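Examining the three-dimensional arrangement
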Amino acid sequence: MTVELANRIRAGDVRAAARLMRGIEECDRNALDTLERLYPHTGKAYIVGVTGAPGGGKSTLIDALIGAFRHRGMTVGVVAIDPTSPLTGGAILGDRVRMQQHSIDEGVFIRSVATRGWLGGLARAATGIIHVMDAMGKDTILVETVGIGQQEVDVTRLAHSSVFVLTPDSGDAIQMMKAGILEVADIFAINKADREGALRVKADLQSMLNMTSSLPEERHPPIVLTEAVNGRGVEELAGEILKHREFLACHGGLEKRERERARLELAEAVESALRDCIDSRVGKASREKLVDDLVQRKLSPRAAASEIVSRLVRP
Ligand SMILES: Nc1nc2c(ncn2[C@@H]2O[C@H](COP(=O)(O)OP(=O)(O)OP(=O)(O)O)[C@@H](O)[C@H]2O)c(=O)[nH]1
Ligand SMILES: [Mg+2]
């Protein structure tokens, strides 16, 4: 069953892929087995992260970028990560509606993922879905994430190139510095450049970047002005993404980022395996007992953790 499903996905079967992605989100065993079969056939796609504050125009920009890449004959996958709180649940369909003009194009596959509020889940479901698109043969995979916090900095580790989207009217700049975005973004897009203030934001950003990059031989992240709604600047942005890929390929950066991605996935997998192991070897009652001991201050969290670990290693 998993073999057949894996083969169908490798042949580009859209319905099979959608089914598998649903299974991955639900942590279904069969789905995870199928994903494992696909793993040897991944690693070919170029992954581009698109991050920025809510409403900055990321989805509109991605929609336009799809066109630019398709124009170059490349196939495209899109993963829109929706940081839905556990309260509201479920992925928003808005992105798919917005990108509907590409819905009948077989060279494009768009998928939203709900993250249910915690980063581990985000990375796991997203990496799984990226692998599926990769195995389907998509050349470029665009990953949209909302926000300008630490979480987004971590998500950039999933990508080969990270595009950070800001707008003329946003006060993002200071927050970006705090979150360390300046250090991790490879390309900046100042979207909604049809509005006043785009050039000022560009100048501010440029001077901040000049302060951070000290080595003269270091790459300076380009800043592109875009108007996603009418496509202005989008060709240039697509060009900068491809140039960055070229740059990485020439300087051994691709391999470095691949290792970083693998490291992140390994950490995720270890964490998840340990959690399963704890669930099966240390019963819920025992864990609750340890919680009682913590509450009553009979044990410290560190001592309780040692207790759990010692039970895991006991034959
Ligand atoms: N004036 C102007 N409006 C734009 C531009 N690009 C996007 N918008 C508008 O900005 C609004 C938000 O666009 P989205 O593409 O949904 O932004 P987003 O960053 O994906 O939003 P979230 O996913 O909700 O964080 C929409 O109403 C767009 O039409 C632009 O270049 N200029
Ligand atoms: Mg969006």
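Please refer to the structure placed before this passage.
Residues numbered from 1 in each chain as written. Chains lettered and ligands numbered in written order. Predicted model: local features only at pLDDT ≥ 70, side-chain atom pairs only at ≥ 80, totals over all residues. Heavy atoms only, no water.

With respect to spatial proximity, 17 residues lie near ligand 1, and among them G57, K58, S59, T60 and D194 are the closest. Between ligand 1 and N191 there is a distance of 3.1 Å, counted from a nitrogen atom to a side-chain nitrogen or oxygen. The side chain of D194 places a nitrogen or oxygen atom 2.8 Å from a nitrogen atom of ligand 1. Compared with its free state, where it exposes 650 Å², ligand 1 has 73% of that area covered by protein. Put simply, the parts of the chain that give the shell around ligand 1 at least two residues each are α4 (58-71) and β4 (140-146). Along the lines of polarity and charge, the residues of the shell around ligand 1 split into 4 nonpolar, 6 polar and 7 charged. (Near = heavy atom within 4 Å. Polar contact = N/O pair within 3.5 Å; in protein donor to acceptor, adjacent residues only side chain to side chain. Areas by Shrake-Rupley, 256 points an atom, 1.4 Å probe, with all protein chains shown as cover. Helix = DSSP H or I, 4+ residues; strand = E, 2+ residues; numbered from the N terminus. Nonpolar A, V, L, I, M, F, W, Y, C, P; charged D, E, K, R; others polar.)

Further remarks concern the side chain of N191. Relative to the helices and strands, N191 resides in the loop between β6 (187-190) and α10 (198-212). Dropping the residues within four chain positions of it, N191 is found in contact with G56, G57, L61, V165, L166, T167, P168, T226, E227 and A228. (Contact = heavy atoms within 4.5 Å.)

Our next topic: the coordination of the magnesium ion (ligand 2). S59 (OG) and E144 (OE) make up the full set of protein donors to the magnesium ion (ligand 2), lying at 2.1 Å. Here S59, found in helix α4, pairs with E144, found in strand β4; they are 85 residues apart in sequence, far enough to count as distant. (Donors = N, O, S within 2.8 Å, 3.2 Å for Na, K, Ca; no water.)

For the structure shown, the criterion picks out 1 aromatic pair. Ring centres 6.3 Å apart and planes at 65° place the aromatic pair F164 and F188 in the edge-to-face group. Taken together, the residues F164 in strand β5 (residues 161-166) and F188 in strand β6 connect sequence positions 24 residues apart. Classification of F188 by relative accessible area gives buried; the value is 0%. Over the aromatic face of F247 sits the side chain of R219, whose NZ or CZ is 5.8 Å from the ring centroid. The ring of Y46 carries the charged tip of R245 above its face, separated from the ring centre by 5.4 Å. (Phe/Tyr/Trp six-rings, centres within 6.5 Å; stacked < 30°, edge-to-face > 60°. Buried < 20%, exposed > 50% of the residue type's maximum accessible area, 1.4 Å probe, protein only. Lys NZ or Arg CZ within 6 Å of the ring centre and 35° of its normal.)

The tally for this structure, following the rule as stated, stands at 17 salt bridges. Ionic pairing is found between R70 and D105, a salt bridge with its closest N-O pair at 2.8 Å. A residue pair is termed long-range when its members are at least 10 positions apart, and R70 in helix α4 and D105 in the loop between α5 (94-98) and β3 (108-114) qualify at 35 residues. We note a salt bridge from E227 to R232, for which the minimum N-O separation is 3.3 Å. Here the salt bridges share partners, and the residues they tie into one network are E4, R8 and D13. (Salt bridge = Lys/Arg side-chain N within 4 Å of Asp/Glu carboxyl O.)

Turning our eyes to something else, we now look at a negative patch on the surface. A cluster of like negative charges, contributed by E26, D28, D33 and E36, occupies part of the molecular surface. Relative to the elements of secondary structure, E36 occurs in helix α3 (residues 29-38). (Patch = residues over 30% accessible without salt bridge, like charges linked within 9 Å, V, L, I, M, F, W, Y side chains within 5 Å. Lys, Arg positive; Asp, Glu negative; His and termini not counted. Charge placed at Lys NZ, Arg CZ, Asp CG, Glu CD.)

Counting along an α-helix, one turn takes 3.6 residues, and residues three or four places apart therefore face a common direction. For helix α2 (residues 14-25), with 12 residues, the first-to-last C-alpha span of 17 Å sits near the 16 Å given by 1.5 Å per residue. Of the residues making up α2, those classed as buried are A16, A17, A18, L20, M21, G23, I24 and E25. Immediately beyond the C-terminal end of α2, within one or two residues, lies C27, with a positive phi of roughly 55°. (Expected span 1.5 Å × (residues − 1).)

The next subject is the environment of I278. Residue placement: I278 occurs in helix α12 (residues 253-281). Under the relative-accessibility criterion, I278 is labelled partly exposed at 23%. With near-sequence residues (within four places) excluded, I278 lies in contact with R287, I308 and L312.

Further remarks concern helix α14 (residues 301-313). Along its 13 residues, α14 runs 19 Å from first to last C-alpha, staying within 8% of the 18 Å computed at 1.5 Å per residue. Along α14, the positions that sit buried rather than exposed are A304, I308 and L312. An end-on view of α14 places all buried positions within 85° of arc, on one side of the element. Seen from the buried face of α14, the exposed residues on the opposite side, beyond 90 degrees, are R302 and V313. For α14, the secondary structure elements touched by its buried residues are α12 and α13 (284-295). (Arc of directions from axis to C-beta.)

For the rest of this paragraph, the subject is unusual backbone geometry. Positive phi is not limited to glycine here, since C27 has a value of about 55°. For C27, a relative accessible area of 41% translates into the label partly exposed. Positive phi outside glycine occurs at R297, with the angle close to 60°. Within the fold, R297 resides in the loop between α13 and α14. A relative accessible area of 69% means that R297 is categorised as exposed.

Most of strand β1 (residues 46-52) is tucked away: 7 of the 7 residues are buried. What you see with β1 is no split at all: Y46, V48, V50 and G52 on one side and I47, G49 and T51 on the other are buried throughout. In this structure, β1 lies alongside β4, joined through 7 bridges in parallel fashion. Counted as the bridge partner of T51 is T145 from β4. (Pairing = 2+ DSSP bridges.)

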